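# Fold and contact review
Here is how the chains run, residue by residue.
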Amino acid sequence: QVQFEESGGGLVQPGGSLRLSCAATGGILSAGTMGWYQQRPGNQRELVATIGSGGDTNYADSVKGRFTISRDNNKKTVYLEMNSLEPEDTAIYYCYARLITWAQPTISDYWGQGTQVTVSS
C-alpha cells in the first residue's frame, strides 16, 4: 500500500523560507510526474508545481521565481523549496504522484495527507 511521508510545513514570517519533502513508499514499481498542490480554506485544490521523471517542471504563475521543485528518483521523493513566502501562500500543501505499483499495475494518481504552511507575522 502506498504511503507518503510529508515533512517541512509550519509557521513562518513573511519573506521567510520553508522546504517541503514527500517520500513515496510501498510497492512502487515506477514514479511518473510528482508534485505539490495547495488548498486554501474554502477553495479548491490548485496546482503549485509538478516535475516529470525526466526533470521537466511546471509552476503556477503565482510561485514562479519564488518556489523550486526537485526530485530524487532513487528515493521517490519530491521537494519544494519555498522562498519569499507571502501570507497568500498560507494553505495545506498536498504531495501528488503518478505511480505504478505491484498492487495497481497501471499508472494511477496518489495523494499525500497534506502539510500545513502558515505565513504570518
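Residues numbered from 1 in each chain as written. Predicted model: local features only at pLDDT ≥ 70, side-chain atom pairs only at ≥ 80, totals over all residues. Heavy atoms only, no water.

### What about the side chain of S108?
Here S108 is to be found in strand 10 (residues 108–111). Under the relative-accessibility criterion, S108 is labelled buried at 17%. Reaching out from S108, the side chain makes a polar contact with the backbone oxygen of T106 at a distance of 3.1 Å. (Helix = DSSP H or I, 4+ residues; strand = E, 2+ residues; numbered from the N terminus. Buried < 20%, exposed > 50% of the residue type's maximum accessible area, 1.4 Å probe, protein only. Polar contact = N/O pair within 3.5 Å; in protein donor to acceptor, adjacent residues only side chain to side chain.)

### Focus on the packing of aromatic side chains
What the rule picks out here adds up to three aromatic pairs. Centre to centre, the rings of Y37 and W111 are 5.1 Å apart; their planes meet at 70°, and the pair counts as edge-to-face. Of this pair, Y37 sits in strand 4 (residues 28–39) while W111 sits in strand 10, and the two are 74 residues apart along the sequence. Seen from their ring centres, Y96 and W111 are 5.0 Å apart, and the 50° between their planes marks the pair as tilted. (Phe/Tyr/Trp six-rings, centres within 6.5 Å; stacked < 30°, edge-to-face > 60°.)

### Remarks on the pairing of strand 8 (residues 77–82)
Among the six residues of strand 8, five are classified as buried, and the element is accordingly described as predominantly covered. Bridge count between strand 3 (residues 18–25) and strand 8: six bridges; the pairing is antiparallel. Residue pairing across strands places L18 opposite M82, the latter belonging to strand 8. For strand 7 (residues 67–72) and strand 8, the ladder comprises six bridges, and the chain directions are antiparallel. (Pairing = 2+ DSSP bridges.)

### Some remarks on unusual backbone geometry
Glycine aside, the phi torsion of most residues is negative, and most peptide linkages are trans. Here K76, not a glycine, exhibits a phi torsion of approximately 50°, which is positive. Phi is positive for S84, which is not a glycine, with a value near 50°. As for its placement among the helices and strands, S84 is situated in the loop between strand 8 and strand 9 (91–101). You can call S84 partly exposed: its relative accessible area is 40%.

### Some thoughts on the sheet that holds strand 3
If you trace the four strands from one edge of the open sheet to the other, you get 1-3-8-7, paired in antiparallel fashion. Looking along the sheet, the strands with just one partner apiece sit at the ends: strand 1 (3–7) and strand 7. Neighbour to neighbour, the strand axes of the sheet diverge by 15° on average, direction disregarded. Sheet topology note: the strand 1/strand 3 ladder contains five bridges and is antiparallel. Across the sheet, F4 pairs through a bridge with A24, a residue of strand 3. (Axes fitted to C-alpha atoms, helices over the stretch in contact; angles between N-to-C directions.)

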